[in-house]
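Here is what each chain is made of, one letter per residue.
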Amino acid sequence: MRYPERSGAFSVQVTDDSLPINTGCYLVHYAGGKAVSVEKINGCEDPDLTVSIQVLSQLVLGAL
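Residues numbered from 1 in each chain as written. Predicted model: local features only at pLDDT ≥ 70, side-chain atom pairs only at ≥ 80, totals over all residues. Heavy atoms only, no water.

This part is about the nonpolar core. V12, V14, Y26, V51 and L56 form the largest nonpolar core, which has five residues in total. Those residues in contact with L56, other than ones at most four positions away along the chain, are V14 and V51. (Core = buried A, V, L, I, M, F, W, Y, C linked by side-chain atoms within 4.5 Å. Buried < 20%, exposed > 50% of the residue type's maximum accessible area, 1.4 Å probe, protein only. Contact = heavy atoms within 4.5 Å.)

Tallying each qualifying case throughout the model produces one disulfide. Here C25 pairs with C44 through a disulfide, and the sulfurs are 2.1 Å apart. A residue pair is termed long-range when its members are at least 10 positions apart, and C25 in strand β2 (residues 24–31) and C44 in the loop between β3 (34–41) and β4 (49–52) qualify at 19 residues. Classification of C44 by relative accessible area gives partly exposed; the value is 22%. (Disulfide = S-S within 2.5 Å. Helix = DSSP H or I, 4+ residues; strand = E, 2+ residues; numbered from the N terminus.)

To continue, consider a nonpolar patch on the surface. On the surface, M1, V60 and L61 cluster together to form a nonpolar patch covering roughly 320 Å² of accessible area. Mapped onto the elements, M1 comes out in the segment before β1 (8–15). (Patch = residues over 30% accessible without salt bridge, like charges linked within 9 Å, V, L, I, M, F, W, Y side chains within 5 Å. Areas by Shrake-Rupley, 256 points an atom, 1.4 Å probe, with all protein chains shown as cover. Salt bridge = Lys/Arg side-chain N within 4 Å of Asp/Glu carboxyl O.)

The next subject is the sheet that holds β4. Taking strand neighbours across the sheet as the criterion, the four strands line up as β3-β2-β1-β4 in an open arrangement whose pairing is mixed. Every interior strand has two partners, whereas the edge strands, β3 and β4, have only one. Taking the axes of each pair of neighbouring strands and ignoring which way they run, one obtains an average angle of 30° across the sheet. Pairing geometry for β2 and β3, over seven bridges, is antiparallel. Opposite A31, over in β3, you have K34 as the bridge partner. Most of the contacts of helix α1 (residues 53–61) go to β4, to which it runs at about 105°, and overall it touches β1 and β4. (Pairing = 2+ DSSP bridges. Axes fitted to C-alpha atoms, helices over the stretch in contact; angles between N-to-C directions.)

Moving on, we come to the environment of D46. Structurally, D46 is set in the loop between β3 and β4. Sequence separation of D46 and N22 is 24 residues, and the distance between their C-alpha atoms is 19 Å.

Here it is in structure tokens:
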């Protein structure tokens, strides 16, 4: 994925019915146009984005 040049973070709540271990909330830190870290966190009261694994895959790959 492409990220802004400045640094920051966002949270994404993912649901995956095929592989439940993927379901959860992830915190993504980025800087310099790249992801710096991605960690699965416990609980996500107000995620920045809520998507299924299928939609997340489309966003990451940039294709339908």
